[in-house]
Amino acid sequence: MLSCNSASIPCSCTQDIDSVFWKLWQDNQDYLYRCCRKWMGNPTDAEDALSRAMLKAWEKVRDCTDNIKNFKAWLTKLTYNLCADIHRERNRGAVGVDSLDTIAIGNETELISQEETPVRAA
């Protein structure tokens, strides 16, 4: 039989895994939200990260083959890694631009031709 007090989930026993997971998730949810606020920087991103962490943790617990000895530590690490992944996704391919003129000069092209400006068209 699983025990919520031990804060561990033996993955081999699936009969009570649902109730144990949700009990432990609820016990740690406020702590994880505070962590997400710190790691993500704002409440909206923190809530998004927390909900993604919940789904990922649920999938991992259902599919895991090893016992999770310290659920809070495991969940915190999973959530931290997910937040780092979100930051990487957002920053991948992002180019900081100070001015569009800099891009045009770098590519040796004009941003707009003289014929296409509203002043020239009038």
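Residues numbered from 1 in each chain as written. Predicted model: local features only at pLDDT ≥ 70, side-chain atom pairs only at ≥ 80, totals over all residues. Heavy atoms only, no water.

Observations regarding the overall build of the protein
When you go through the protein residue by residue, the secondary structure sums to five helices and zero strands. Its helices and strands in sequence order give the protein the pattern α-α-α-α-α, from N to C terminus. The buried share of the protein, taken over its 122 residues, is 27%. Long-range contacts, defined as pairs at least 24 residues apart, comprise 59% of the intrachain contacts of the protein with a sequence gap of at least 6. Within the structure as shown, the protein displays about 8600 Å² of accessible surface, and the carbon and sulfur contribution to it stands at 49%. (Helix = DSSP H or I, 4+ residues; strand = E, 2+ residues; numbered from the N terminus. Buried < 20%, exposed > 50% of the residue type's maximum accessible area, 1.4 Å probe, protein only. Contact = heavy atoms within 4.5 Å. Areas by Shrake-Rupley, 256 points an atom, 1.4 Å probe, with all protein chains shown as cover.)

A short note on helix α1 (residues 17–40)
With 24 residues, α1 should cover 34 Å at 1.5 Å per step; its first-to-last C-alpha distance of 30 Å lies more than 12% under that length. Taking the largest bend as the criterion, α1 deviates by roughly 50°, centred on Gln 29. Within α1 the residues assigned to the buried category are Ile 17, Val 20, Phe 21, Leu 24, Trp 25, Asn 28, Leu 32, Cys 35, Cys 36 and Met 40. Considering only its buried residues, α1 is in contact with α2 (43–63) and α3 (71–91). (Expected span 1.5 Å × (residues − 1). Bend = angle between axes of the 7 residues up to and from the residue.)

Let's talk about the confidence of the model for the protein
Should the pLDDT be low somewhere, the predicted coordinates at that spot are not to be read in detail. Across the protein, pLDDT averages 79, with 62% of residues at or above 70. Contacts for the low-pLDDT stretch residues 1–6, under 50 throughout, to residues beyond four places or in other chains number ten contacts. (pLDDT = per-residue confidence, 0-100.)

Side note on the pattern of salt bridges
Applying the stated criterion to the full structure yields five salt bridges. Measuring nitrogen to oxygen at the nearest pair gives 2.9 Å for the salt bridge that ties Lys 23 to Asp 27. Of this pair, Lys 23 and Asp 27 both sit in helix α1, four residues apart, which is roughly one turn of that helix. For Asp 27, a relative accessible area of 46% puts it in the partly exposed group. (Salt bridge = Lys/Arg side-chain N within 4 Å of Asp/Glu carboxyl O.)

Examining the nonpolar core
Ranked by internal contacts, the top residues of the largest apolar core, which has 21 residues, are Phe 21, Trp 25, Cys 36, Ala 49, Val 61, Phe 71 and Leu 75. Contributions of two or more residues to this core are made by α1, α2 and α3. By residue number, the principal contributor to this core is α1, which donates eight residues. (Core = buried A, V, L, I, M, F, W, Y, C linked by side-chain atoms within 4.5 Å.)

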